[in-house]
Every structure is written in structure tokens, then in C-alpha cells.
Amino acid sequence: METPERFLVLIVEDEGSIAGVVSAFVEDLGYHAMVAPHGVAALEMARVRWPALVLTDYMMPLMSGSRLVAELRAEAVSGGHTMPPIILMSAVSPGLSELAGADVVLPKPFDLAQVEALLERFLGRPA
Amino acid sequence: MMSDQPPGQGAGAGEDQGASLLEPTGVPHLDDILGGGLPRGALVIVAGPPGSGKTTLANQMAFAAAERGRRVLVLSALSEPTSKLLDHLRGFRFFNQNLIGDPLQFLSLEHFLRQGLEATSTGLLATAKAARADFVVLDGFRGVRGVDPDPQRARQFLYDVGTTLSLQGATTVITSEADARDPAFYPELTTADVIIGLHFTLENVRHERGLEAIKIRGGGPLPGLHSLILNAEGMTVYPRLEVRLPSGRGMPPVAGDRPEDPGRLPRATFDLPELDALLTGGLTRHTSTLLAGSPGVGKTHLAVHFALAGIHAGEPVVFLGFRETAAQLDYRAELVGLGEAWRAALASRGGLTLLRDDPLELDPDQVADRLLGVLDRTGAQRLVLDSLAELEEAVCERSTGKRWRNYLVALLAALRARGVTLLVVTETPAAIATDLRFAAEATAVLAENVLLLQQIAEHGQLRRVLAVVKTRFSAHTAGLREFVITESHGVRVWPASPDHPSWGAESPPSTALGR
């Protein structure tokens, strides 16, 4: 049986409506979603359940997406975890996205089909 | 937050020190209205009804601050995703994608709002601190106010946020959907250091926008309602012309103090010897002259002569027209043999600047701003305005008739301060008169000189006549003079005939137009 964490997606988004739609979509596809409203909450959640993939906004209160990625890297090293793929959903310029250390940038507004394709690419399809 | 200072001590006394404590808004002319800019660390409220442009104005300031290197946070309490807001802002020229993310961030307060006002205040301040923001926009205070209906709690929220951010060195701009003069809004207003009111009304079939600097703690804003334009550039404010003069703000420094005695300066001629002789050499410098006449009598032709005479004398000239298009003016000049001179004057370095506005929903303060800017840029010494009626219409359309006189006084003062000699065309109602009539309208009272042109029926023929009705700082020759408009030389004023009002033996040549 596959452990849930293999398909665990951490969604970090300060706008509740976007977070709600994306998480419902992710769950419908068979993945498992954790939703955090900002980077601080996301880090706390990740320390409890290490995600398989992180879908994060760049501009967020309290801790930006860029800072979250850096913190997750540090956490991965100290906790012996595999650094999850980072998908950055944002309106920032491509250069800034690159600096954030994301694997993929999903410019806002994005299509949910793009999210599905990325999940499948990085995590495979759940059974 | 800011301590109270004696009023009028903003950009006035101690100006150098005061100026460094102000930051530019990035909105054209708004700094002039505010008395130099936004006080650093101030709590600014931008209040106005839906659609008045609060979000655009606040974000235009945010982008301007980011361009200056400030760390900017835009926090939205509106019920729309920030991506939608960014899509809306992308349509404006002030939008710069490269600033998004760093140093300009757009965040939603939605998560905190769900937890109450206190959590919102705490979250907002923590976010601003983490971002090291020194310019913060909170867009949609209505969303914050909706969390707790108690107005005192809302006031406390504003006070806590404003005080803390100010202590951190941040200037805070909050947009609020409210009528700034609604008494229900007063508890919140007392907390603010700066209150900017945006007006947005439907007048007949037109939308009209305005901006009011209601309060600047420690400063002296330009009073009253100022014109506000919203277009692809974003927001542009045009200060009300009448209030720009006394304070000197919003008016660029005039070259020198114009100490010359206008009476000692060479006259502004028409290069029409008979007419210039009637005026004892021409128009006194720095005066305003009303060129009044019935329709089709030749006022614009005479105005063209005046403009070209200035060019001939080496003076830059501005021709502001609302009636005829550039092509029509060119054709008119061509018709009377002045086409080549006119086109040469309009060419680069020719000295003549033609400004043209369609007489359609004109904004008088925008017209004045553009005109004064061109006068300053070109150093023009002559201005032709064709005609006064369109400008009067523009002023009266947007306000009561009472404003027209004040606007005219302000405009004439601005022109005088720049050493400009003005010729303004205005129409009198009667097309043909058997005697000269002239009503001393308010406009005529304000003009220092009056030239009157009319068509007179005499012995079964129509004749064009002119008279110098009034010159305030000069002698002039009274009496009627016939003039004609020729195909080769434009206007020609005939010498006085020995018998007045009959015209004597010398008849105009058959090439004269209209005969």
C-alpha cells in the first residue's frame, strides 16, 4: 500500500478562494492536500508531515515563498528528507521565480489542467 | 504618528527641512496639491465612492515608491484575488512587472480578516516588519471595517496600525469606500494625518472626477476641488487654476521677476501699419486684448496676422485654438496669401506652437495646465486664444457661472506673470449692424484692450469696419476704419477717410474677398 505522504501535496496560498479550489481539485485527482495560509504555517505542517510536492505562492504574509523554499531546504537537510519539487504559482517576474529556487513556475492566473500535468509529472498518478 | 504643527508650516516656512520629510506621490501634480508630497510616516486615507479610483491612485503611489527604491507592501482586504488586481493594474503605464515580488509585494489579508480585527492588525504589522516595508498600502478598509461593526474598534485598528507603521518609518495609505464628508466616517478621519477625497459623479451624461485634499496635518494643501483624469497613464490631477497663483505652488518659476515696465517695451504689432498706428504703435506688452466681432468678419485672419507679426519679430508665439483644425487654419492662411509664412512658422524652430483641443467636454484646468506648460517651455511672448467662448463653456459646464470670472482673472494673472501679450478672440452676436454696439460684459471689463470688428450695411453694401474701443495703458485713435481681407496680403486696414462715417474716394481693390 502506498503511504499517503507519497502523494501528499502541500498547498501554500494566502488567498482562501484559490487555496480552496486548488486543494479540492488535487483531492479529486486522488492526491492528498494540506493547505497553509502562509509560509510560517506551511513550515510547521511540513515538520509534522513531510510533503511529496509543494505548490506555493511567492508573495505571502509573514514569510514569502522564496524564504519558505530556503527554510524547507534547511529542514530537508536537518531532517534527512528528500527535498520535494517546488511549484511556484505567482505573478512575479521569471527572474525572481528562478531566484526563489522553484523547479517550475506557474504564472497566475493558471489553468487547473496545468496543475494536473505537473502533479502527474512529479508524483505519478495515484491508484 | 506625526505631531501637530502650526498650520501653514508645511512647505512654507523652513521649506528645505520640511521638503526632506515629504515623499513624492508619483501622481502628476498631486504633490503640489498636498503641499510638497506625503509626509513620511503619515497615515493617509483615500476616501471615495465606488469607481472613484481609490485602488488605482493607491497603487500608482505604490509603484512610484517602489521605483524610488522603497520597499512596498500592498495588502488587499478586497473581495477579489490579488491576481485580478494585478490584471487590472497591468493596463496602466505605471505598472512595472519587474518590481513585483521585490521590492513591491501584493498580499491578501483574507486569512487574518477571518480571525478578527486584532488578528488582522497583528498579522498586518508582522508582515510589514518581515518585509521591512517602508510604504504600505491597505486597499479596501471597508473589508476590515466589515469584520467588526463597532466604529471605535475600527478607529483603534487604524490608530494601532498607523502608529506602529509610522514608528517603523513606513508611510501608510489606506483606501476606504466612504464619502470623506460623511459624519459617520469622522471617528476614522480624526486618526488620519492626510485625507484625500475622491469625487465621482454623473453630471447629466458625463462622468466627472475630482480630488480634494481635505486634511494635511501640519501642511497647507491647495484648497477646493481639483480636476482628476483617469486614463492609461493612471491618475493625473490638475490643480484648480485659481488657487495655484497665491501660493506659487504648482506654478513653475517665472523667468526673472519681469521687472521691465511694459510701457517701455517695444509694442506688440500686427504688422498692419494702419492698425498699429491706431494703437499708437501696437499693443502694450503684457496686456490682454479682446478681439471681438461678428461671425465671419475676419477675427481669425487678424489673429493670424498678430501671430505672424510675433514670429517676424523673433518672438515665440502660441496659438491655442478650439474652433478650426490645423488643416483649416492652414487653408485659411493660404486663402489670403499667408499660407507660406504660416507653415514656415509652424515648422520646427519656426517659433509658432499650435495647440488645439476639440471643444468637447474640455477640462478648463487641464487646458490651463497644458497651456502654461507650453508657454514656459517655449518662452512664448504672444498668445492667441481662439476663442474665449469654448473656454467659458468648459468652465461653466463643470461649475457655476461664478467660477468663470475667477478663472479668467487667474489665467490673465498667470499670463501677465510670464510677460505674455494675449489676443483673445470672442464673438459678438450681431452679424450686421447699422451702428457699432458693444456691451461691457464681464469679459470686456477684464481685458485691458478691446478691438471691435463688425460688418456694416451702407448704401446697399456690406463693409467691414474695425475700431479700437479701449486701451488701458496707452493712447489710441478712436473712430472707425474700414478693412478688407485680400487674397494676396490678408487683412488690409484702410487709412482714415476725411468724411466719417462715409469712406471717401479711395475704394478697395476688386481682389478683396467678400466683395
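Sequence order as written defines residue numbering, which begins from 1 separately in each chain. Ligands are numbered from 1 and chains lettered from A, in the order in which they are written. Totals for whole chains, interfaces and linings use all residues, but because this is a predicted model, local features are given only for residues with pLDDT of at least 70 and pairs of side-chain atoms are given and counted only at 80 or more.

1. Let's talk about the overall build of chain B
For the purposes of this entry, the term helix denotes a DSSP run of H or I that reaches at least four residues, the term strand denotes a run of E that reaches at least two, and both are numbered from the N terminus. Of the regular secondary structure elements, chain B holds 18 helices and 21 strands. The buried share of chain B, taken over its 515 residues, is 47%. Taking the intrachain contacts of chain B between residues at least 6 apart in sequence as the baseline, contacts between residues at least 24 apart amount to 71%. Three exposure classes are used. Buried residues have 20 or more other C-beta atoms within 10 Å of their own C-beta, exposed residues have 12 or fewer, and partly exposed residues fall in between, all C-beta atoms being placed from the backbone. Residues are treated as contacting if the C-beta atoms built from their backbones sit within 7 Å of each other.

2. What to know about the interface of chain A and chain B
Contact with chain A, which involves 19 residues of that partner, is made by 19 residues of chain B. If one sorts the elements of the side of chain A that touches chain B by residue count, helix α1 (residues 16–28) of chain A sits on top with 3 residues.

3. Quick notes on the domain arrangement of chain B
Residues and elements named next belong to chain B. Where each domain starts and ends comes from a domain assignment, either automatic or drawn from a database. For chain B, the assigned domains are domain 1 (15–239) and domain 2 (286–449). If you average the C-alpha positions of domain 1 and of domain 2, the two centres end up 40 Å apart. Across the boundary between the two partners, domain 1 contributes 7 residues, which contact 6 residues of domain 2. Of all the secondary structure elements, the ones that give two or more residues to the side of domain 1 that touches domain 2 are β9 (206–216) and β10 (225–231). Per element, the largest residue contribution to the side of domain 1 that touches domain 2 is 3 residues, and it comes from β10. Partitioning the side of domain 1 that touches domain 2 into residue classes produces 3 nonpolar, 2 polar and 2 charged. Residues are sorted three ways: Asp, Glu, Lys and Arg are charged, Ala, Val, Leu, Ile, Met, Phe, Trp, Tyr, Cys and Pro are nonpolar, and all the rest, Gly among them, are polar.

4. Quick look at the sheet that holds strand β3 (residues 43–48) of chain B
All names here are of chain B. For two strands to be treated as a pair, DSSP must find no fewer than two bridges joining them. Pairing within the open sheet is mixed, and its 9 strands lie in the order β5-β4-β6-β7-β3-β8-β9-β10-β11. Pairing within the sheet leaves two strands with one partner each, and these edge strands are β5 (104–108) and β11 (234–238). Adjacent strand axes in the sheet meet at a mean angle of 20°, parallel and antiparallel pairs treated alike. Where β3 lies against strand β7 (residues 171–177), 6 bridges are found, and the strand directions are parallel. Within β7, the position partnered with G48 by the bridge is E177. Contacting β4 (72–76) and β5, helix α4 (residues 82–89) runs over the sheet at an angle of about 135° to β5. Interaxial angles span 0 to 180 degrees and are taken between N-to-C directions of axes, which are lines fitted to C-alpha atoms, for helices over the stretch in contact.

5. Examining unusual backbone geometry
All names here are of chain B. With an omega dihedral of 10°, the bond running from D102 to P103 counts as a cis peptide bond. Within the fold, P103 resides in the loop between α4 and β5. The peptide bond linking D386 to S387 adopts the cis configuration, its omega dihedral lying at 10°. For S387, the position within the fold is in the loop between β15 (382–386) and α16 (388–398). If you check the backbone angles, R349 has positive phi at about 65° while not being a glycine.

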